[in-house]
Amino acid sequence: MSEKMNAVGFYQHLTIDDPKSLVDVTLARPTPSGHDILVQVSAISVNPVDIATRKNGEDVTKKPRILGFDAVGTVVKIGPDVSLFNIGDRVYYAGSFNRPGSYSDFELVDERIVALAPDKLDDAHAAAMPLTSLTAWEALFEQLGIDPKDHDLNHEKTILVINGAGGVGSIATQLAHYAGLHVIASASRPETKEWALQHGANEVVDHHRDLINEVHNLGYQNVDYILELNNLDNHWDEMVELIAPNGKISSITSNQKPLNLTALKRKRVTFAWEWMFTKAFYQTDDLSSQHEILQRIAALLDSGILRSTLNQKISGINATNLKKAHTMIEEGHTIGKIVLTK
Ligand SMILES: NC(=O)c1ccc[n+]([C@@H]2O[C@H](COP(=O)([O-])OP(=O)(O)OC[C@H]3O[C@@H](n4cnc5c(N)ncnc54)[C@H](OP(=O)(O)O)[C@@H]3O)[C@@H](O)[C@H]2O)c1
C-alpha cells in the first residue's frame, strides 16, 4: 500500500465563507521521476494567485486541486536525473502553476526551479520569499532590462513601484534599491508607507490619490521605469503620463479592458509583461534561471542585503488556517507576506 499524506485542496470554485472552499484531504504520497525531487514541506506562504485560482472557474473535479506555490522543506527522495540536490537538503521554491502545490505534507517539484534555502533564515522567514522574489527579479532585471550591477547608470534613474508594501512590492523595492535606483513606492496608509520606507523605498506616494500629482509634487516630471503591481486598468493613464520618453513599464497584473498601447508610441516606451510561472509552464530553455535567481536571493538574504518580507505567521497548515489567510489576502490590505508553518 502506498504511503499517505495530508493536504488541503478544493473540488469546485467557491467563495471563502463556504465550508467546502478549502478542505483537508488525505492523498497518496507521490514518487519522484526525472528531474523531480520530493520535498517534505515545513512552511508555505499564501499569494493572491492562490485566491484567484480557488475562486475563478466553473469546473468541478473528482480529484482535489492542491494549491500553494511558495514552500520551504527538506528533500526526502530524488528522481533519477536529479543532479543539484541530495536527500536531506533544506530547499525553497515557488513551484509550478500546473502541478499540485505546497498545501501538502509532501510535494514534487522540478529541481531546476529550486534552490537551497537561505541558511540564516528560519523556515517562516524563508517561505515568505520565493514567489515574490522571482517575480520582482524577473520584472526588474529581465523584463525592464535593468542591470543590477550597473550602479553608475542606475543612480541616475528613478523607478515608480505601484503597490510598494504588498508581497511583491516589499521585495521589488529592496531589489531596486540594491541595484542603485531611486525608488518611489506607492502606499496609502501610515503603516504601509512606513513599511515601504523600511524596505528600500526612498520616497512614498499615495495610490488612492492622483499619482501624477503625487509624483510631480516630489519634484519629478517623469520616471524612467514603472513596475505596476496592483491593477493595470486603474493605473494605466497615470503610467502613460508619468513614464519618461524611452522609459520602460512592466506589469504583473492583468487588464480587463483593451490596453491603448498607442498611447506609449510617441514616447517610444517599452511595455513588458511579467508572469513568474512562464518558465515552468512552457518549460522554456531558461527554466533553470529560476534556480539561479533563488540562489542569488538566498545569498543576498544571508548577507543581510535583503530582508525577509514575512509579516504574519500562522502555526498549522490546514484548511481552517488557510481559509484565514485567504480571507486576509482577499481583503486587499496585506502588508508583506503571510506564512503558515507546520
Ligand atoms: N505576474 C506574476 O508573476 C505575479 C506574481 C505575484 C503576484 N502577482 C499579482 O500581483 C498583484 C500583487 O500581488 P501582491 O502579493 O504584491 O499583493 P498584496 O500583497 O495582496 O497587495 C496588498 C497591497 O495592495 C495595496 N493596494 C491596495 N489598493 C491599491 C491601489 N489602488 N493601488 C496600488 N496598491 C494598492 C495595499 O496597500 P495600501 O493598504 O497602502 O493601500 C496593500 O498593502 C496581485 O494581483 C497578484 O495576483 C502576479
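What you are looking at is a predicted structure, and each value in this text was computed from that prediction instead of being measured.

Chemist: Lay out helix α1 (residues 48–55) in plain terms, naming residues and giving numbers.
Modeler: The α-helix advances 3.6 residues per turn, and as a result positions three or four apart in sequence lie on the same side. Buried within α1 we find Asp-50, Ile-51, Thr-53 and Arg-54. Projected down its long axis, α1 carries its buried residues within an arc of 165°, all on one side. In the core, the buried residues of α1 are packed alongside β1 (4–12), β3 (36–46), β4 (60–66) and α11 (319–331). Immediately beyond the C-terminal end of α1, within one or two residues, lies Gly-57, with a positive phi of roughly 140°.

Chemist: Which residues make up the layout of surface pockets, and what are the values?
Modeler: Approximately 1,600 Å³ is the volume attributed to the largest pocket. Lining the largest pocket are 47 residues, with Pro-48, Asn-163, Leu-229, Asn-230 and Thr-253 positioned closest to its centre. Elements with a contribution of two residues or more to the lining of the largest pocket: α1, α3 (130–143), α5 (167–178), α8 (232–242), α11 and β16 (337–341). Considering every element that reaches the lining of the largest pocket, the biggest residue donor is α1, with 5 residues.

Chemist: Quick rundown of the nonpolar core? Include the residues and the values.
Modeler: Counting residues in each nonpolar core, the largest one holds 49 residues, and the members touching the most others are Tyr-92, Leu-140, Ile-146, Ile-159, Leu-175 and Ile-297. Among the elements that take part in this core, α3 stands out by supplying 7 residues, more than any other. Summarising the domain contributions, this core has at least three residues from each of domain 1 (4–129 + 279–341) and domain 2 (133–273). In terms of nonpolar packing, the next biggest core, distinct from the first, is built from 35 residues, Val-46, Val-75, Val-82 and Ile-317 among them.

Thresholds applied
Residues numbered from 1 in each chain as written. Predicted model: local features only at pLDDT ≥ 70, side-chain atom pairs only at ≥ 80, totals over all residues. Heavy atoms only, no water. Buried < 20%, exposed > 50% of the residue type's maximum accessible area, 1.4 Å probe, protein only. Helix = DSSP H or I, 4+ residues; strand = E, 2+ residues; numbered from the N terminus. Arc of directions from axis to C-beta. Contact = heavy atoms within 4.5 Å. 1 Å grid on protein atoms, 1.4 Å probe; cavity = no way out; pocket = protein on both sides within 12 Å on 5 of 7 lines; lining within 4 Å. Points joined across faces, edges and corners; volume = space filled by probe spheres on them. Core = buried A, V, L, I, M, F, W, Y, C linked by side-chain atoms within 4.5 Å. Domains from an automatic or database assignment.

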